[in-house]
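# Per-entry structural report
One letter stands for each residue in the lines below.
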Amino acid sequence: MSRTEDELKEKIVEISRRLYQRGLVAGAGGNVSVRIPGSPYILATPSGVCKGYLSPSDIIKVDLNGKIIEGKLRPTSETPMHTEIYKVRKDVNAVVHAHPPFCTGFACARVPLNSPIFPEVIAMVGEVAMVEYVTPGTKELAIKVAEAAKKYDAMVLANHGTITLGASLEQAYQRTEVLEDYAKVLLISTLLGGPKALSSEEVRRIRGLDAEKYRLEYIKHAE
Ligand SMILES: [Zn+2]
């Protein structure tokens, strides 16, 4: 096993712990994966284990058809959702799937998270898709999610949770964290009389030069 693989396993463990500690997943929920650079394989979290207490030896290496290459546990039941995304998005190196309570509240009410109120979300996450409900862990869900992933870096899965993509584990994770904050802010501002959306001109401005600067700053800090 290469040094890179060891480091990526450590990073998956760290990201999984952060997801659990921030309450973005509960029980054994959620899953995380990363592409191994220059190889046809990914590393993924195991099924049925709490994300707060993983160790690097729990992480499983699989190919993009879900075949186990290395590891003693079963990979996440959502492995197809991860592998289908890697097949359609060559620029994506990491995928985080979580059940953050506020985002999942919107997902259960089927209220889209698409109000342009929060510059950080516009710049760092982009538009958020709502993927229609499909039974978790099925190939059908994986296909639906991969279809949305062609256009979006963040998705809310109806009655289920969230999935965010990134060029790195850190970026994919931070998108989940920011998305959950956004769901909280949107709910609070709705209770306070309704959010005041930014103008489409302002949204364009944020997505333009400023967003590029934001992203560069952000990537510098994240790596
Ligand atoms: Zn799930």
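Everything quoted here is computed from the prediction, not taken from an experiment.

### As for the coordination of the zinc ion
Every protein donor of the zinc ion is accounted for by H97 (NE2), H99 (NE2) and H160 (NE2), and the metal-donor separations fall at 2.1 Å. As a motif over one chain, the donors of the zinc ion read H-x1-H-x60-H. The buried category is assigned to H97, whose relative accessible area is 1%.

### Here's the deal with the layout of surface pockets
Size it by volume and the second largest pocket reaches roughly 210 Å³. Considering the residues around the second largest pocket, the lining is formed by 16 residues, among which L113, N114, G126, E127 and V128 are closest to the centre. Elements represented by at least two residues in the lining of the second largest pocket include exactly helix 4 (119–124) and helix 7 (200–222).

### Observations regarding unusual backbone geometry
Not every positive phi belongs to a glycine, and R110 is a case in point at roughly 55°. Topologically, R110 is positioned in the loop between helix 3 (101–109) and helix 4. Although it is not a glycine, N159 adopts a positive phi angle of roughly 55°. Within the secondary structure layout, N159 lies in the loop between strand 7 (154–157) and strand 8 (161–166). A relative accessible area of 35% means that N159 is categorised as partly exposed.

### Concerning the state of the cysteines
By definition, a disulfide links the sulfur atoms of two cysteines through a covalent bond. The final tally for this structure, using the stated rule, is 0 disulfides. Of all cysteine sulfurs in the structure, the one in C103 sits closest to C50, which takes part in no disulfide; the separation is 19 Å. Judged by its relative accessible area of 18%, C50 is buried. No disulfide involves C108; its sulfur sits 11 Å from that of C103, the nearest cysteine. Looking at C108, the relative accessible area reads 43%, which means it is partly exposed.

### Describing the sheet that holds strand 8
In spatial order, the strands read 4-3-2-1-5-8-7-6; together these 8 strands make up an open sheet with mixed pairing. Sheet topology places strand 4 (68–70) and strand 6 (128–131) at the edges, where each strand pairs with a single neighbour. Here the strands of the sheet are splayed against their neighbours by 25° on average, with no regard to which way each runs. Bridge count for strand 2 (residues 41–44) against strand 3 (residues 60–63) is 4 bridges, and the pairing is antiparallel. Note on strand 3: the bridge partner recorded for L43 is K61. Strands strand 1 (31–35), strand 5 (94–98), strand 6, strand 7 and strand 8 of the sheet are contacted by helix 6 (residues 169–191), whose axis makes an angle of about 145° with strand 8.

### Examining the pairing of strand 7
Covered by surrounding structure in strand 7 are A154 and V156 together with M155 and L157, the residues of both alternating faces. As paired elements, strand 6 and strand 7 share 4 bridges and run parallel to each other. If you follow A129 over to strand 7, its bridge partner there is M155. Handedness of the strand 6-helix 5 (residues 139–149)-strand 7 crossover: right-handed. Across 4 bridges, the pairing between strand 7 and strand 8 is antiparallel. Bridge assignment links M155 to a residue of strand 8, and that residue is I163. Between strand 7 and strand 8, which follow one another and run antiparallel, lie 3 residues, and N159 among them has a positive phi close to 55°.

Parameters and conventions
- Residues numbered from 1 in each chain as written.
- Predicted model: local features only at pLDDT ≥ 70, side-chain atom pairs only at ≥ 80, totals over all residues.
- Heavy atoms only, no water.
- Donors = N, O, S within 2.8 Å, 3.2 Å for Na, K, Ca; no water.
- Buried < 20%, exposed > 50% of the residue type's maximum accessible area, 1.4 Å probe, protein only.
- 1 Å grid on protein atoms, 1.4 Å probe; cavity = no way out; pocket = protein on both sides within 12 Å on 5 of 7 lines; lining within 4 Å.
- Points joined across faces, edges and corners; volume = space filled by probe spheres on them.
- Helix = DSSP H or I, 4+ residues; strand = E, 2+ residues; numbered from the N terminus.
- Disulfide = S-S within 2.5 Å.
- Pairing = 2+ DSSP bridges.
- Axes fitted to C-alpha atoms, helices over the stretch in contact; angles between N-to-C directions.
- Contact = heavy atoms within 4.5 Å.
- Right-handed = clockwise from strand over helix to strand, strands pointing away.

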